Amino acid sequence: MPKVKTNRVKYPEGWELIEPTLHELQAQMREAENDPHDGKRKCEALWPIFKIAHQKSRYIFDLYHRRKEISKELYEFCLDQGYADRNLIAKWKKPGYERLCCLRCMQPRDHNFQTTCVCRVPKHLREEKVIECMHCGCGGCASGD
């Protein structure tokens, strides 16, 4: 008789410390995805989803890189399982991108005139003082703010 394969995931040590927060953020994500978007622009309906995805990635990034509260094994597990955005975290490690809100804001192909998003412009250089990014609703993620 062949062996039965199970898809059980083995959680690394320390998972029980971050699990409640990640499940809470996952529940918020489900709620944001199912939220009706009547009366909102097409792009505005996605803003809460981008915000929660940013929060999850920032939470894991801060636990590992800033506070040093989780192990490398747990950090890699979270990235591999999709609890955090590996590419966004890689950008946060580089100078000038410490406060980046999402990857779409820095890609020139997604913007007029092949530049970066308006939220990447420092506040003191903006003509309009209050702005919102069209992609994620960010009010400003330039490092100099």
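Up top is the structure.
For clarity, every value in this text was computed on a predicted model and none was experimentally measured.

(A) Summary view of the overall build of the chain. The secondary structure content of the chain amounts to 4 helices and 0 strands. Ordered by position in the sequence, the α and β elements of the chain form the string α-α-α-α. Along the first, second and third principal axes, the C-alpha atoms of the chain reach 70 × 40 × 25 Å. The proportion of buried residues among the 145 residues of the chain is 34%. Sequence-distant contacts in the chain: of pairs separated by 6 or more residues, those separated by 24 or more amount to 49%. If you sum the accessible surface of the chain, you get close to 10,200 Å²; carbon and sulfur atoms cover 51% of it. Distance between charge centroids for the chain: 5 Å, based on 26 positive and 21 negative side chains.

(B) Expanded view of the pattern of salt bridges. Scanning the entire structure with this criterion turns up 6 salt bridges. Residues Arg 41 and Glu 44 are paired through a salt bridge, measuring 3.0 Å at the closest nitrogen-oxygen approach. By relative accessible area, Glu 44 is classed as partly exposed at 24%. The partner of Glu 69 in a salt bridge is Arg 67, with the nearest N and O atoms 3.7 Å apart.

(C) Inspection of helix 3 (residues 72-80) at higher detail. Regarding helix 3, the residues found buried are Leu 74, Tyr 75, Phe 77, Cys 78 and Leu 79. Where helix 3 terminates, the next one or two residues include Gly 82, which has phi positive at roughly 85°.

(D) Inspection of the nonpolar core at higher detail. By size, the foremost hydrophobic cluster in this structure holds 31 residues, and its most contacted members are Ile 18, Ile 60 and Cys 119. Leave out the neighbours within four places in its chain, and Cys 119 touches Cys 101, Cys 105, Arg 126, Ile 131, Cys 133, Cys 138, Gly 140, Cys 141 and Ala 142.

(E) The arrangement of the packing of helix 2 (residues 47-66) against helix 3 in detail. One way to put it is that helix 2 packs onto helix 3 with a least axis distance of 10 Å and a crossing angle of 160°. The orientation of helix 2 relative to helix 3 falls into the category roughly antiparallel. Considering only the axes of helix 2 and helix 3, their crossing is left-handed. The residues of helix 3 that touch helix 2, namely those facing Ile 60, Tyr 64 and His 65, are Lys 72, Tyr 75 and Cys 78. Along the lines of polarity and charge, the residues of the contact of helix 2 with helix 3 split into 4 nonpolar, 1 polar and 1 charged.

(F) Spatial organisation of the environment of Lys 93. By the element assignment, Lys 93 lies in the segment after helix 4 (86-92). Sequence spacing of Lys 93 and Phe 61 is 32 residues, and the spatial spacing of their C-alpha atoms is 9.5 Å. The contacts of Lys 93, once residues within four sequence positions are left out, are Phe 61, His 65 and Tyr 75.

Analysis parameters
Residues numbered from 1 in each chain as written. Predicted model: local features only at pLDDT ≥ 70, side-chain atom pairs only at ≥ 80, totals over all residues. Heavy atoms only, no water. Helix = DSSP H or I, 4+ residues; strand = E, 2+ residues; numbered from the N terminus. Buried < 20%, exposed > 50% of the residue type's maximum accessible area, 1.4 Å probe, protein only. Contact = heavy atoms within 4.5 Å. Areas by Shrake-Rupley, 256 points an atom, 1.4 Å probe, with all protein chains shown as cover. Lys, Arg positive; Asp, Glu negative; His and termini not counted. Charge placed at Lys NZ, Arg CZ, Asp CG, Glu CD. Salt bridge = Lys/Arg side-chain N within 4 Å of Asp/Glu carboxyl O. Core = buried A, V, L, I, M, F, W, Y, C linked by side-chain atoms within 4.5 Å. Axes fitted to C-alpha atoms, helices over the stretch in contact; angles between N-to-C directions. Parallel < 35°, antiparallel > 145°, perpendicular 65-115°, else oblique. Left-handed = near helix turned anticlockwise from the far one by under 90°. Nonpolar A, V, L, I, M, F, W, Y, C, P; charged D, E, K, R; others polar.

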